[in-house]
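Residue-level listing of the chains:
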Amino acid sequence: MPDVAEFLERFYTFRFKKQPVGRARYVLLTNEAGIVIDDGVACRLSEFHYYITATTGGADRVYQSMLKWNSQWRLDLDISNVTSAYCGINIAGPNARHVLTKLQSDIDFSSDAFPYMGVRTGVISNIPARVIRVGFVGEIGYEIHVPQLVGEALWDLVIEAGHEFGIQPFGIEAQRILRLEKGHIIIGQDTDGYVFVEMSLESDGRIPQDVFFLIKETTGVGDFVGTAGRPTPMARDVSTEATGATEVAPKFSDALTLSPPGRGRFCPPSQRSHLNF
């Protein structure tokens with residue numbers, strides 16, 4: 001199936017033909033208008049086999065969109081939605097590697113053998129697993145994807161292995177705060193209908209630390225879904241950017257001040273009426 005990487009380059013905003021086997025790559029999806037609508041990671045398991053993740057609750061929508069576009073492109077590949085077949089456990093924190101090394105596995109979790117954005121397939125405590133070294137909370141992290149029927153068994157094994165390190169389940173609110181401190185966005189929560197893709201990857205394919213959205217712009221790579229809908233450099237407001245802010249008034253009783261001063265749709269509810277928001 002030689003068209004798998006070609007399909008991904010048309011569907012997402014990044015390049016995939018030179019992605020090494022055993023590596024994951026961030027994926028960003030736009031609609032026809034160029035608006036950011038989903039993200040995830042693409043894991044290259046073999047030359048013609050990719051394992052793609054999407055936002056929580058977005059897998060069905062992304063899958064249907066893939067089918068729709070390939071019905072037009074007619075590329076040579078098969079697309080399967082395996083969401084219900086797998087469950088995933090995210091282990092994050094400075095002791096994440098120590099916890100995993102306590103489990104019986106044929107996967108080498110050392111930093112050299114398993115670098116950031118690496119993907120490995122193997123067995124963990126007799127459970128077949130796909131492991132992605134990816135972080136969402138600013139600490140070393142791993143996602144372990146296993147067959148859905150054995151997910152609870154793996155959870156119990158991880159909790160037992162992490163007991164001496166003080167492992168604790170953490171909720172979505174804690175994860176949201178930690179990922180905000182890291183600068184990791186959630187599509188649909190930190191984005192809206194005004195968020196376009198605008199920038200480029202670093203020369204080595206990494207995501208720049210100071211930007212949220214990236215694009216294959218000026219690289220000579222072919223078009224992708226949403227290319228035509230993106231604002232031109234002259235049309236888009238280059239002064240608009242995502243930025244952090246600090247609360248300077250108790251309970252948002254007054255307007256917030258950004259440092260350095262900025263502009264945008266950022267104000268407390270009490271100020272919206274006379275700011276025409």
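Residues numbered from 1 in each chain as written. Predicted model: local features only at pLDDT ≥ 70, side-chain atom pairs only at ≥ 80, totals over all residues. Heavy atoms only, no water.

Concerning the nonpolar core
One finds Phe-7, Phe-11, Tyr-12, Phe-16, Tyr-50, Met-66 and Trp-73 to be the most contacted residues of the largest nonpolar core, which totals 25 residues. The element best represented in this core is helix α1 (residues 4-11), accounting for five residues. Residue contacts for Tyr-50: discarding those within four places in its chain leaves Val-4, Ala-5, Leu-8, Phe-16, Gln-19, Ala-42, Cys-43 and Arg-44. Of all hydrophobic cores here, the second largest spans 20 residues; its members include Ile-91, Leu-103, Ile-124 and Ile-127. (Core = buried A, V, L, I, M, F, W, Y, C linked by side-chain atoms within 4.5 Å. Buried < 20%, exposed > 50% of the residue type's maximum accessible area, 1.4 Å probe, protein only. Helix = DSSP H or I, 4+ residues; strand = E, 2+ residues; numbered from the N terminus. Contact = heavy atoms within 4.5 Å.)

Concerning the confidence of the model for the protein
Scored by pLDDT, the protein comes out at a mean of 78, with 68% of its residues at no less than 70. Of all secondary-structure elements in the protein, the lowest mean pLDDT belongs to helix α5 (residues 172-182), at 79, while strand β6 (residues 127-132) reaches the highest, 98. Confidence drops under a pLDDT of 50 for residues 232-236, and excluding neighbours within four residues, the segment shows five contacts in the predicted structure. (pLDDT = per-residue confidence, 0-100.)

A word on the packing of α1 against helix α2 (residues 59-73)
A pair of packed helices can be characterised by two numbers: the angle between their axes and the separation between those axes. Orientation of α1 relative to α2, taken along the N-to-C sense of each, is 110 degrees, at an axis distance of 11 Å. Put simply, α1 runs roughly perpendicular to α2. When α1 is examined against α2, the residues Phe-7, Arg-10 and Phe-11 are found in contact with a partner set consisting of Val-62, Ser-65, Met-66, Trp-69, Asn-70 and Trp-73. Partitioning the contact of α1 with α2 into residue classes produces six nonpolar, two polar and one charged. (Axes fitted to C-alpha atoms, helices over the stretch in contact; angles between N-to-C directions. Parallel < 35°, antiparallel > 145°, perpendicular 65-115°, else oblique. Nonpolar A, V, L, I, M, F, W, Y, C, P; charged D, E, K, R; others polar.)

Digging into unusual backbone geometry
At Arg-74, a residue that is not glycine, the phi angle is positive and equals roughly 55 degrees. For Ser-125, which is not glycine, the phi torsion reads 50 degrees and is therefore positive. Looking at the element boundaries, Ser-125 is found in the loop between β5 (119-124) and β6. The exposure class of Ser-125 is buried, given its relative accessible area of 18%.

Observations regarding helix α4 (residues 151-161)
Among the residues of α4, Gly-151, Leu-154, Val-158 and Ala-161 are the ones counted as buried. Considered in projection along α4, the buried side chains sweep an arc of 90 degrees and stay on one side of the axis. Among the exposed residues of α4, those oriented more than 90 degrees off its buried face are Glu-152 and Glu-160. Buried residues along α4 sit in contact with β4 (86-92), α3 (96-101), β5, β6 and β7 (141-147). (Arc of directions from axis to C-beta.)

Some thoughts on the sheet that holds strand β3 (residues 49-52)
For sheets, the rule is that strands pair by backbone hydrogen bonds, running either parallel or antiparallel. Here we have three strands laid out as an open sheet, ordered β1-β2-β3, and antiparallel in their pairing. Of all strands in the sheet, those with a lone pairing partner are β1 (24-30) and β3, marking the two edges. Looking at each pair of strands side by side, their axes are set apart by 35 degrees on average, direction ignored. Across four bridges, strand β2 (residues 36-46) lies against β3 in antiparallel orientation. Pairing of Ala-42 across the sheet is with Ile-52, part of β3. (Pairing = 2+ DSSP bridges.)

Thoughts on the pattern of salt bridges
Inspection of every chain in the model, using the stated rule, returns five salt bridges. Put simply, Glu-6 and Lys-17 hold a salt bridge, and the shortest N to O gap is 2.7 Å. In this pair, Glu-6 sits in helix α1 while Lys-17 sits in the loop between α1 and β1, placing the two residues 11 residues apart along the sequence. Looking at Glu-6, the relative accessible area reads 21%, which means it is partly exposed. A salt bridge links Glu-32 to Lys-68; the nearest nitrogen and oxygen atoms lie 3.1 Å apart. (Salt bridge = Lys/Arg side-chain N within 4 Å of Asp/Glu carboxyl O.)

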